[in-house]
Each structure stands twice: as C-alpha cells, then as structure tokens.
Amino acid sequence: MIRRLLSCLAAGALLMSGGAAVAQEQCDADPIEWGGPALANGISVYAMEWSPFGASEWGWETYLPLIQQELGTDCAPGSPRFARALAEFQYARGLPATGWFDAATFQVFRGVWQERRPFIMGRVRQEPCPDPPPLYQLGYLVESEEHADRLTRLLRRDVLDAYRELVAAARAEVPEIAANPELLQIFSGFRDPEADAARCARSGNCDGLRRAVCSPHRTGTAVDLYVGHVVGLGVDNTSPASRQHMSRTATYRWLVKNAGRFGFTPYAFEPWHWEWISPTGGYVGPPSPQ
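Everything numeric here is computed off the predicted structure, so don't read it as measured data.

Caption draft 1: Molecular detail of helix α8 (residues 157-173). Over its 17 residues, α8 extends 24 Å from the first C-alpha to the last, a length consistent with the 24 Å expected when each residue adds 1.5 Å. Among all positions in α8, only Val159, Leu160, Ala162, Tyr163, Leu166, Val167, Ala169 and Ala170 are buried.

Structure below.
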C-alpha cells in the first residue's frame, strides 16, 4: 500500500504543482529537518480518511491548490519545502508547527478562507439577510457567457464587468481556456430569493430553505463558473470524485492564483463557486444614479 502511494506521489508531483516548473532544489531544501513530515504529507494527500465538510473523503488533493496558494508555494505536498511552509503557517496561527497536514490545520485554513467572504461573515454576526439588489444594479449576460446546463440571465453590473475582465485575462493566459469557450461560462448568477426558495422546496436539495432564503446568489455578486466536470455528473456535483476532478483542471488552478486580481474569492468546498468583493471590502452595490 505504501509503495503504491509513493509511486502515485512521484507520478503526480508535476500535477500537484499545477504544471509549474518548480525549482527542484528549492522544493527539496532542508530534507533532514522536514523529510518526515514531507513523507507523511505525500501519503496523506491521497490516503487520509477524514470528513472536512461532514461526509467522508479520502485525501486532501481537492484542496491542495488553495492550500498552496495560501502557503505561497507551488511545491508538491510530498516535498520538504511544502512541509516547512505548512509549519510556518501553523506556527503563525498558534498550532503545533509540525509541518504535517491534519484536520485541525485544515479547519484553520477553512476559517481563513471563510473570513474573506463578507456575506458569510455577516451570517456569522447574525446580521439580517441582505435585500436583493435593485433592478438598476443588474445587467444581462450575453448568450456566450451563459452555460447551457443551467441558464442564468442576470448579475450585478459591477460584478459582470469584473467577470468579463477575468475571462479576458484567462483566455489570454491559459491555452486550455482559450481553446474551449465553454470554460468559465456562468451557470448560476443572481437568483431571486422567492424563486430560489420555491425551486429548493420542489427539489429538496438546498439544505432545507435556509440556504435558498439567504444564499450569496441573492446579492448578485456570486457566480458559479464552469471549470469542467466528470462525464455523467453535473457541473455542480459535490461528490468527492467530481470536486477532485475540477480541482485538477488548469481552469480552476488559474482561478485560485488569479481570481483575486479581479475581486473574486472562492468557496473551498465548491470549485465552481466564487464571490466578488467590492474595493470597499464588502458586497454593497453602487448608489442609485441621480
């Protein structure tokens, strides 16, 4: 079992670094001090049994792009440099600086990522659910921006402008995205709360009505982007295999590294879900035109 996992680690090292030509001597630095944690991480990234969001999962590869971005390294999880960067993160946040990935460390990562979502922090503070934006703030997507799997029509105008800038940059920088116009299309944008609640009541798949009644999509600042999918599964299928597949795509990895340039922050559990944050740090829209 261990031999097979180590073989997978060696074969997947390039994938885990997002295809980047990471200087091997940099990633292999301090092998004596960090070799043990590196070996453990290289195994657990595929084999750790845990429940980060309630349901059981194997390994933590799905979250690796976000973790690497947070740590500021493209080194593979089985490298000493990754272990050292992880230990530095742990130390800075009052955790044992072991360099070993574990569930407790992930919960701190998760908290850091959630704190960057103003809508979620408003719910943590038990603030009232925000009203949908007024009509003057909403703009229509064009046909090429909508994904056929689930059509959406509206997004807040300032968010739509930022989305279009993001897509233009992605198509200029990533050959995979430039070659496939389906990638980064929106399959969910602004969702009217009443219609969303009715849909969830019919389908019964939206965490009761709580998520529908107070969803980030009601603000017109949340977008669900097509980043690829497993054949036979939906574009927002939440099974571990589906989400892992999405996290391996060049599209998702580009978003993790670059979406912040355009004001978007991710939701760790859903590779397709991104929320726009205004320059003021919230999600309040522009004032009414005079």
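And the narrative resumes.
Caption draft 2: Up close: the nonpolar core. Residues Trp60, Ile67, Leu166, Leu255, Phe264 and Trp274 are the most contacted members of the largest nonpolar core, which totals 55 residues. Broken down by element, the residue count for this core peaks at 8 residues, all from α8. Apart from residues lying up to four places away in sequence, Trp274 is in contact with Thr221, Ala222, Val223, Leu225, Tyr252, Leu255, Val256, Ala259, Phe264, Thr265 and Pro266.

Caption draft 3: Quick peek at the pattern of salt bridges. Scanning all chains against the criterion turns up 12 salt bridges. Between Asp30 and Arg84 there is a salt bridge, with its nearest N and O atoms 2.8 Å apart. Separated by 54 residues along the polypeptide, Asp30 in the loop between α2 (24-27) and α3 (31-47) and Arg84 in helix α5 (residues 80-92) bring together distant segments of the chain. Exposure remark for Asp30: the relative accessible area of 31% places this residue in the partly exposed category. Linking Arg261 and Glu173 is a salt bridge whose minimum nitrogen-to-oxygen distance equals 3.2 Å. With Arg261 in the loop between α13 (250-258) and β7 (264-267) and Glu173 in helix α8, this pair connects stretches of sequence that are 88 residues apart. Here the salt bridges share partners, and the residues they tie into one network are Asp30, Arg84 and Glu88.

Caption draft 4: Seen up close, α13. In terms of burial, α13 is largely enclosed, as 7 of its 9 residues are buried. Along α13, the residues classified as buried are Thr251, Tyr252, Arg253, Trp254, Leu255, Val256 and Asn258.

Caption draft 5: View of the side chain of Ser188. Note on placement: Ser188 falls in strand β5 (residues 186-188). With relative accessibility at 5%, the residue Ser188 sits in the buried group. A distance of 2.7 Å separates the side chain of Ser188 from the side chain of Arg191, its partner in a polar contact. Once residues lying within four places of it in the same chain are set aside, the contact partners of Ser188 are Thr152, His217, Ala222, Val223 and Asp224.

Caption draft 6: Focus on the environment of Ala162. Take Ala162: it is sitting in helix α8. Residue classification places Ala162 among the buried residues on the basis of a relative accessible area of 8%. Between the C-alpha atoms of Ala162 and Gly263, which are 101 residues apart in sequence, the distance is 7.3 Å.

Caption draft 7: Main features of the sheet that holds β5. Pairing is antiparallel in the open sheet, where 4 strands are placed in the order β5-β6-β8-β7. The open sheet has two free edges, formed respectively by β5 and β7, since each of these has just one partner strand. Taken pair by pair, the neighbouring strands of this sheet meet at an average axis angle of 40°, ignoring direction. Pairing analysis gives 4 bridges linking β7 to strand β8 (residues 270-276), with the strands arranged antiparallel.

Parameters at a glance
Residue positions within a chain follow its written sequence, with the count starting from 1. Predicted model: local features are reported for residues with pLDDT of at least 70 only, side-chain atom pairs are reported and counted for 80 or more only, and whole-chain, interface and lining totals are derived from all residues. Side-chain descriptors were evaluated using all non-hydrogen atoms of the structure, hydrogens and water having been removed beforehand. Helix and strand labels come from DSSP, where a helix needs a run of H or I of at least four residues and a strand needs a run of E of at least two; each type is numbered from the N terminus. To estimate the expected span of a helix, subtract one from its residue number and multiply by 1.5 Å. The buried label applies to any residue whose accessible area, calculated with a 1.4 Å probe on protein chains only, is under 20% of its type's maximum; exposed applies above 50%, and partly exposed to all values in between. Remark: nonpolar core denotes a set of buried residues (Ala, Val, Leu, Ile, Met, Phe, Trp, Tyr, Cys) joined through side-chain atoms within 4.5 Å. Should any heavy atoms of two residues lie within 4.5 Å, those residues are considered in contact. A pairing counts as a salt bridge when a side-chain nitrogen of Lys or Arg comes within 4 Å of a carboxyl oxygen of Asp or Glu. Polar contact is the term for a pair of N or O atoms within 3.5 Å; when the atoms are in protein, one must be able to donate a hydrogen and the other to accept it, and sequence-neighboring residues count only if both atoms are side-chain atoms. Strand pairing requires that DSSP identify at least two bridges connecting the strands. Here the axes come from fitting lines to C-alpha atoms, over the contacting stretch only for helices, and the angles between their N-to-C directions go from 0 to 180 degrees.

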